[in-house]
2 protein chains.
Amino acid sequence: MNNAITTTQAGVAETNRSRIMQHLYHNGISSRAQIAKALGLTPAAITKITAQLIEAHIIEETGDFGGAKNRRSIGLTLDTTRFHVIGVKFARSLVQIGVFDLAGNQSSLTTLPYVSNNTIGTTIATVHDTIEQLLHEDPTIKAIGMAVPGPYLRKNGHTAVVSSMQGWRNINFIDEFADSFTVPVFIEQDARAGVLANSLFDQDSKTSNTSLAYYLVGEGVGLGVIEDGRIINGALGTATEIGHVSIDVNGKPCDCGNIGCLERYCSTPAIHQMLIDDGTIVKDAASMSHTEACRALFALARNGNKAALAMIRTIGTYVGYGCLIIFNAFNPQTIVIGDIVSEAGQPLLDQIKTTVKQRAIPEIYESTTIRLTSMPTDAAVLGAAAVAISYFLDHPSEFFNLK
Amino acid sequence: MNNAITTTQAGVAETNRSRIMQHLYHNGISSRAQIAKALGLTPAAITKITAQLIEAHIIEETGDFGGAKNRRSIGLTLDTTRFHVIGVKFARSLVQIGVFDLAGNQSSLTTLPYVSNNTIGTTIATVHDTIEQLLHEDPTIKAIGMAVPGPYLRKNGHTAVVSSMQGWRNINFIDEFADSFTVPVFIEQDARAGVLANSLFDQDSKTSNTSLAYYLVGEGVGLGVIEDGRIINGALGTATEIGHVSIDVNGKPCDCGNIGCLERYCSTPAIHQMLIDDGTIVKDAASMSHTEACRALFALARNGNKAALAMIRTIGTYVGYGCLIIFNAFNPQTIVIGDIVSEAGQPLLDQIKTTVKQRAIPEIYESTTIRLTSMPTDAAVLGAAAVAISYFLDHPSEFFNLK
């Protein structure tokens, strides 16, 4: 099982450029000697590659700074404010476009009008116009990342299913956007964008970012997994679609064709339906959006409403069943639960852990961290930006003339 | 997301040695020019590395053979009969020890007496003695591979659960075997060994061996997945444990602590219980072993027994539910179904495909090959050998003095 790509000479050079950029990105100012030691590269290789990166204005020298044994040495830095990316998050009814620097700091955010099945075309046109305008205003934008609901067929450009809003299936994201702009566009399934954002920007996740799962529980239920330092994609790009794994083969039918999909039990539309069926906890649930209804439930629970807390325990049980699937299928070191449902907070997390503890293999339960995201929910668009930033850091020669 | 390991100079050298060995292993006699072209390496690099491999007697020159444009050139070959490995397959009640050459040709096979919970200690002692004897007789044996039931905790050496035979949990395979012999020992979960065997030896799988799942349906239910050319292991080595993914969160309890595990519905113990409960199809099922009872059922079905065929359709439906989990979790290009249950043959496969077609996302159904293994079931021990062979081909410097 070899990773064949990195062993050609051009491949090794690009990998080492990328590793130096990533080292500076994650560790801040470093001397050449520190980089050489951290990456196992020779001083000669470091000198050559850093010269190239400095000439291309990707990294730069700082003044002297304290090196090993108090010797002064010249620092190198990757100025994360120098380059910008655009992140576009396509949820079912919510489309947001943000501009970020490489450290994930947001310089602008545009939220498009609420999308329905009938207005998808208009929305797409607005996305084009907004991006054109942003590129015109900010020449430091190097790339665009887009996050779309899964299962996303990465090679053909379509999402295969968008439960409760099938109109998105008609959009071919590749045809629509890939060659539309002066900078490259990278399109990824939303939960996979989320795991990239966690590995890049979340201080708590960074330490375990070679074995990390981001479990998105929102309008859909999705999963992104970094296994041994690499994203799991699958042959068509539709792997890690936990939302369509069945938890009950005789259960509720799903738009995807399967029966009993996890998504049918703990996504915001599922919770919204629970609230409508219940009729008492959130009395006007039927007139709310999915997100509004869920947030009303979570607010009641925070105020100690017992019926609301009981419903959160039901939801936590289902989210916990999903964690058990993740344990057995992917065995990551850390599961980060994010998106709207994670706003239910501690009572949700407690129930998830209770459910998982009851049913998991003890050794796996004890060694796996399950926690709620520490990134704000509205930062979901940051996941889209993370797709572009990851690509930028991984493939510098596609953005600069490096030889 | 970089693969950090291969970019040190020693790492690149080892990777390139391994790639040349693998090229010769998979493609047979090749000239230096052919290898250089196939692997994107410079002629100088090829000359240096092949000289080293020839000096270590890993590869050798053949006489002239036809090169490009009818020019004669010297061939290189990796003689797969020169080195042997031992494969040890630990199933629940069946332990087999085989000696194989690098191409998977078996030169001997020892089947140990039927194992029960009480005789596991004796069995372990016999494994030691048998291996010692084989190593004494055959100095070309370079490594030992062992395949054990999952979930196998690779770092600590224990299997976490062995449904229906918990005595195996007390064995620490690493403590027991890792440093016991004059050659190195590599221990792997059985289905992962199976996917390696398929990628090395199965002509039909070789073409898709960068995206391949081996779905073991036997005394246990397991899965090994090669994603983008690499095995998915998980943080503790317990990933891809599909047998303990629940298909019904309110279903049958499992020894692992979970409820409704797939393994409870289509493993040979589950089928055996179905036959005992039925009482009519295989009348003396209660007095048979799991495997015997299953084979009696399959024989009846082959002879057209309608009740037997109906039960195979039930089994195929459950195996199909497992394929749906594999689709959504891993999205491999090919799923190969192996071990005892695959002996049910075409009626089983037909039902699996029917079930999957009804419930899968059409694009994934259409692009995924599902087939029964073309390797004989008794070749399961070959999977253990494949673990050793893969390691040998991936890490030559651990077996030879190469510098």
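Residues numbered from 1 in each chain as written. Chains lettered and ligands numbered in written order. Predicted model: local features only at pLDDT ≥ 70, side-chain atom pairs only at ≥ 80, totals over all residues. Heavy atoms only, no water.

Caption draft 1: Spotlight on the pairing of strand S10 (residues 221–227) of chain A. All names here are of chain A. For S10, the buried fraction is high: seven of the seven residues fall into the buried class. Because side chains alternate across S10, one face comprises the buried residues Val221, Leu223, Val225 and Glu227, and the other comprises Gly222, Gly224 and Ile226, equally buried. Across seven bridges, strand S9 (residues 211–217) lies against S10 in antiparallel orientation. For Ser211, the partnering residue across the bridge sits in S10 and is Glu227. Linking two consecutive strands that pair antiparallel, namely S9 and S10, is a turn of three residues. Bridge analysis of S10 against strand S11 (residues 230–231) gives two bridges, and the strand direction is antiparallel. Bridge pairing in S11 places Ile226 opposite Ile231. (Buried < 20%, exposed > 50% of the residue type's maximum accessible area, 1.4 Å probe, protein only. Helix = DSSP H or I, 4+ residues; strand = E, 2+ residues; numbered from the N terminus. Pairing = 2+ DSSP bridges.)

Caption draft 2: Examining the packing of helix H2 (residues 32–39) of chain B against helix H3 (residues 43–55) of chain B more closely. All names here are of chain B. For the pair H2 and H3, the least separation of the axes is 10 Å and the interaxial angle reads 120 degrees. Considering the angle they form, H2 stands oblique to H3. With respect to the hand of their crossing, H2 and H3 are arranged in right-handed fashion. Along its contact with H2, which presents Arg32, Ile35 and Ala36, the element H3 presents Ile46, Thr50 and Ile54. Here the contact of H2 with H3 is composed, by residue class, of four nonpolar, one polar and one charged. (Axes fitted to C-alpha atoms, helices over the stretch in contact; angles between N-to-C directions. Parallel < 35°, antiparallel > 145°, perpendicular 65-115°, else oblique. Left-handed = near helix turned anticlockwise from the far one by under 90°. Contact = heavy atoms within 4.5 Å. Nonpolar A, V, L, I, M, F, W, Y, C, P; charged D, E, K, R; others polar.)

Caption draft 3: Structural context of the domain arrangement of chain A. All names here are of chain A. Domain annotation for chain A reports domain 1 (4–77), domain 2 (84–196 + 381–398) and domain 3 (203–374). Measuring from the centre of the C-alpha atoms in domain 2 to the corresponding centre in domain 3 gives 24 Å. Listed per partner, the contact involves 22 residues of domain 2 and 28 residues of domain 3. Of the roughly 1,800 Å² buried where domain 2 meets domain 3, counting both sides, 55% is carbon and sulfur surface. Among the residues of domain 2 in contact with domain 3, Arg92, Arg192 and Val195 are the three that bury the most area, contributing 32% of the side total. On inspection of domain 2 and its partner domain 3, the count reaches one salt bridge. Across the pair Glu263 and Arg92 runs a salt bridge whose closest N-O atoms are separated by 3.7 Å. Put simply, domain 2 and domain 3 have nine residue pairs in polar contact (both at pLDDT 80 or more) between them. Taken together, the elements giving at least two residues each to the side of domain 2 that touches domain 3 come down to strand S8 (185–189) and helix H6 (190–201). (Domains from an automatic or database assignment. Buried area = accessible area lost by both parts, 1.4 Å probe. Salt bridge = Lys/Arg side-chain N within 4 Å of Asp/Glu carboxyl O. Polar contact = N/O pair within 3.5 Å; in protein donor to acceptor, adjacent residues only side chain to side chain.)

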